[in-house]
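# Structural features, examined
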Amino acid sequence: MIFFKKLYRFCQSWTGTVVIVLLVMFFFMQAFVIPSGSMKNTLLIHDFLFVKKFSYGIPTPHIPWLEIPVLPDFNKNGHLIAGSGPKRGDIVVFRYPRDTKQHFVKRCVGVGGDKIVYANKTLYVRMHEGDEFMRAHYPKDLAKLGGEIYVKEPYKEKGIHYNPKKDIESDISVHFNIGDFAMSPTYFKELGDQIGFNGGNAYVFEVPKDEYFMMGDNRDYSYDSRFWGSVPYKFIEGEPWFVYFSWDDNKGIVRWERIGRSVETLENNDAYIHDYDENDTLG
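Residues numbered from 1 in each chain as written. Predicted model: local features only at pLDDT ≥ 70, side-chain atom pairs only at ≥ 80, totals over all residues. Heavy atoms only, no water.

### Here we look at the overall build of the chain
Looking only at helices and strands, one finds six helices and 18 strands in the chain. In the chain, which comprises 283 residues, the proportion classed as buried is 49%. Partitioning the contacts of the chain with sequence separation of at least 6, the portion at a separation of at least 24 is 61%. With an accessible surface of roughly 14400 Å², the chain has 57% of that area assigned to carbon and sulfur atoms. (Helix = DSSP H or I, 4+ residues; strand = E, 2+ residues; numbered from the N terminus. Buried < 20%, exposed > 50% of the residue type's maximum accessible area, 1.4 Å probe, protein only. Contact = heavy atoms within 4.5 Å. Areas by Shrake-Rupley, 256 points an atom, 1.4 Å probe, with all protein chains shown as cover.)

Rendered as C-alpha cells:
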C-alpha cells in the first residue's frame, strides 16, 4: 500500500506527469500531422491524428521534435522489441530513409520479395508467395507481364486515385535524369509498343528482404518509393489510428466530420472521400 501511495503522489506531481507523457509518446502513441496531399483522398493535409507506436513492434524512442534517440539501437533494427512488419495495404508512418528526422505516411503496396511494376498510371504487384497465392486471393485482378503473373491494382480503398489530367511521366523524367528515381525502366510487350523517353514502357523494382514499398493514395502527386526506394524495417514507426482534429487551410474551417474517425473508417466510407485541395504538388 505504501508503494501505491507513493506512486499515486508521484503521478500527481509535475515530474510524474512529464514522465507519463513521455512514456506514452515513446511506447504507445504519438501525435502526427499530415503535411502534404500525397495521401488524399484518404488522409488530408492538416489531419491531426494519433499513431499507434506498437503496431509493428516497439520502435527505439526518440526525443520529440529533436528526434534524438533516447536509447541505443540494441537490436540493429530500429526497435526495442521487434514485431511483424507492415502488411500489404496498411497505411504506415515511417522515417524518411534519406532524412530520418522526417516522418512520412504512405500505403504499403509491396513487401520483401515482391516485384513492383508501375506503368501507364497502373500498379502491378507480383507477390512473393507465388502464382497459386495470387490466383486464390485475386482471381479477378490478374495480369501477365513478361510471362509472369501479377496482380493489377490490388488495393481497392476508395481514396486511391490517379488524376487523368496529370502528366506524371514529365515528373518521372525530371527525377530520372537527376538520379532521383529508384525504379528501373523495362519493356513488356503486353503493355504496347509505345516506348518512353527511357527506352521502356514500364518501371520495375524488386523489394529487398525486410523492406517495404510505399506509395501515396494520391498516386500522381506522391513522392514515394518509386523515387527514393523501399523502406527498411528499422524506419517503421507505426500505424495511423484516428483523427483528433482536422483543419482546412483553404477555407479556414474545422472539418468536424473527420474528428474522432478512425483511419479505417476514413479510407472505406464514401462520405469522407473528398478532394479538398485542387493545388496538388509532388509531396
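Structure's up, so let's keep going.
### A closer look at the sheet that holds strand β12 (residues 148-152)
Reading across from one edge, β11-β12-β10-β9-β14-β13 is the order of the six strands in this open sheet, with antiparallel pairing throughout. The two strands at the open ends of the sheet, each matched to only one other strand, are β11 (142-145) and β13 (184-186). Direction aside, neighbouring strands of the sheet carry axes that sit 35° apart on average. As paired elements, strand β9 (residues 115-119) and strand β10 (residues 122-126) share five bridges and run antiparallel to each other. From the neighbouring strand, I116 faces β10, where its bridge partner is V125. (Pairing = 2+ DSSP bridges. Axes fitted to C-alpha atoms, helices over the stretch in contact; angles between N-to-C directions.)

### Re helix α4 (residues 168-177)
Within the span of α4, buried status applies to I168, D171, I172, S173 and H175. Where the residues of α4 are buried, they touch β9, β14 (202-206) and α5 (225-228). Phi turns positive, to about 75°, at G179, one or two residues after α4.

### Considerations on the side chain of D171
Tracing the backbone through its elements, the reader meets D171 in helix α4. Within polar-contact distance, the side chain of D171 engages the side chain of K166 at 2.8 Å. (Polar contact = N/O pair within 3.5 Å; in protein donor to acceptor, adjacent residues only side chain to side chain.)

### Here we look at the packing of aromatic side chains
For any pair of aromatic rings, the description rests on two quantities: the centre-to-centre distance and the angle between the ring planes. In the structure shown here, the tally under the stated rule is 16 aromatic pairs. Consider the rings of F181 and F227, whose centres lie 5.3 Å apart with planes at 85°: the pair is edge-to-face. Of this pair, F181 sits in the loop between α4 and β13 while F227 sits in helix α5, and the two are 46 residues apart along the sequence. Looking at F181, the relative accessible area reads 10%, which means it is buried. Under the relative-accessibility criterion, F227 is labelled buried at 2%. (Phe/Tyr/Trp six-rings, centres within 6.5 Å; stacked < 30°, edge-to-face > 60°.)

### Focus on the pairing of β14
In terms of burial, β14 is a largely internal element, four of the five residues being buried. In terms of strand pairing, β9 meets β14 through four bridges, oriented antiparallel. When the bridges of β14 are listed, K115 appears paired with E206. Bridge count between β13 and β14: three bridges; the pairing is antiparallel. Across the sheet, the residue bridging to P185 is Y203, located in β14.

### Here's the deal with unusual backbone geometry
Following K40, the chain continues to N41 via a peptide bond in cis, the omega torsion being 10°. On the secondary structure map, N41 appears in the loop between β1 (29-33) and β2 (47-52). The backbone of H46 shows a phi angle near 70°, a positive value even though the residue is not glycine. Mapped onto the elements of the fold, H46 is located in the loop between β1 and β2.

### Points about the side chain of D217
In this fold, D217 is placed in the loop between β15 (211-215) and α5. In terms of polar contacts, D217 uses its side chain to reach the side chain of R107, at 2.8 Å. For D217, the residues in contact, after removing those within four places along its chain, are S38, M39, K40, T42, R107, G159, I160 and H161.

### Section: the environment of S246
Topologically, S246 is positioned in strand β17 (residues 236-248). A relative accessible area of 0% means that S246 is categorised as buried. Each C-alpha atom, one on S246 and one on L44, is 8.3 Å from the other, the two residues being 202 residues apart in sequence. With sequence-adjacent residues up to four places away left out, S246 is seen in contact with H46, D47, I253, V254, R255, R258 and I259. Only 2.5 Å separates the side chain of S246 from the side chain of D47, close enough to count as a polar contact.

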